[in-house]
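Here's the letter readout for the chains.
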Amino acid sequence: MPAKIYRVTLETEERAELTAMVSKGKGNARRIRRAHILLLADEAQEGGGWKDADIARALGASVRTIERTRQTCVELGIEAALNHTRPQQTRPKILDGAAEARLIQLACSAAPDGRENWSMQLLADKLIELEVVETVSRETVRTTLKKTNLSRG
């Protein structure tokens with residue numbers, strides 16, 4: 001088993017604050033669980049900190065949760081470790097304003113020969129063919145048209 005990379009060492013005041021939070025049992029359950037994790041992982045306690053697997057077993061959490069809590073505590077501090085925030089996943093937009101306008105123009109135009117209506121895939125393929133975008137999925141086309149109330153179905 002590899003050595004711990006992130007070692008949690010709590011000050012006396014921090015330890016007292018976390019102990020009070022855990023013993024009260026009031027508040028956000030996730031915050032209390034993370035406080036408990038930090039208390040058990042504390043290297044400054046007598047006998048040193050517990051192993052991640054032991055903490056996971058004792059608290060009914062995954063080992064990865066223990067590792068992430070340790071890492072956040074060491075890198076960003078105790079408050080960050082206690083307050084869980086979801087990772088911000090921001091993807092760049094596939095269709096900018098001009099590409100959306102071109103899509104809407106296509107969707108409102110006559111369907112290709114042999115077709116009664118434009119399909120999402122046909123629209124996506126046409127945008128690529130016209131070099132409006134390099135790649136685009138039919139789902140992106142669908143959500144864009146839905147946003148502008150032009151989708152069928």
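Quick note: structure is the one above.
Because the structure is predicted, anything quoted here is derived from the model rather than measured.

## Concerning the packing of helix α7 (residues 120-129) against helix α8 (residues 138-147)
No. 1: The N-to-C vectors of α7 and α8 enclose an angle of 105°; their axes lie 8 Å apart at closest approach. Put simply, α7 runs roughly perpendicular to α8. Between α7 and α8, the contacting residues are Met120, Gln121, Leu123, Ala124 and Leu127 on the first element and Arg138, Val141, Arg142 and Leu145 on the second.
No. 2: Tallied by class, the residues present in the contact of α7 with α8 amount to six nonpolar, one polar and two charged.

## What to know about helix α3 (residues 52-59)
No. 1: The set of residues buried in α3 consists of Asp52, Ile55, Ala56 and Leu59. Take α3 and look down its axis: the buried residues cluster within an arc of 100°, on one side only.
No. 2: For α3, the secondary structure elements touched by its buried residues are α2 (29-41) and α4 (63-76).
No. 3: Looking one or two residues past α3, Gly60 carries a phi angle of roughly 70°, positive in sign.

## As for unusual backbone geometry
No. 1: Positive phi outside glycine occurs at Glu131, with the angle close to 60°.
No. 2: By the element assignment, Glu131 lies in the loop between α7 and α8.
No. 3: Among the residues examined, Glu131 registers a relative accessible area of 69% and is labelled exposed.

## Brief notes about the nonpolar core
The tendency in soluble globular proteins is for nonpolar side chains to be buried as a group.
No. 1: Counting 20 residues, the largest nonpolar core has Leu18, Leu38, Ile55, Ile78 and Leu82 as the members making the most contacts within it.
No. 2: Taken together, the elements giving at least two residues each to this core come down to α1 (12-24), α2, α3, α4 and α5 (78-82).
No. 3: The greatest single-element share of this core, amounting to seven residues, is contributed by α2.
No. 4: Setting aside anything within four residues of it in sequence, one finds Ile55 in contact with Ile37, Leu40, Ala41, Trp50, Ile66 and Arg70.
No. 5: In terms of nonpolar packing, the next biggest core, distinct from the first, is built from 13 residues, Ala99, Leu127, Val141 and Leu145 among them.

## Thoughts on the side chain of Asp42
No. 1: Turning to its location among the elements, Asp42 is positioned in the loop between α2 and α3.
No. 2: Aside from chain neighbours lying at most four places away, what touches Asp42 is Val8, Thr9, Leu10, Arg15, Gly48 and Gly49.

## Overview of the side chain of Thr144
No. 1: Topologically, Thr144 is positioned in helix α8.
No. 2: Look at Thr144 and you get buried, because its relative accessible area is 7%.
No. 3: When residues no more than four places from it in sequence are discounted, the contact partners of Thr144 are Leu95, Glu100 and Leu103.

Cut-off values and rules
- Residues numbered from 1 in each chain as written.
- Predicted model: local features only at pLDDT ≥ 70, side-chain atom pairs only at ≥ 80, totals over all residues.
- Heavy atoms only, no water.
- Axes fitted to C-alpha atoms, helices over the stretch in contact; angles between N-to-C directions.
- Helix = DSSP H or I, 4+ residues; strand = E, 2+ residues; numbered from the N terminus.
- Parallel < 35°, antiparallel > 145°, perpendicular 65-115°, else oblique.
- Contact = heavy atoms within 4.5 Å.
- Nonpolar A, V, L, I, M, F, W, Y, C, P; charged D, E, K, R; others polar.
- Buried < 20%, exposed > 50% of the residue type's maximum accessible area, 1.4 Å probe, protein only.
- Arc of directions from axis to C-beta.
- Core = buried A, V, L, I, M, F, W, Y, C linked by side-chain atoms within 4.5 Å.

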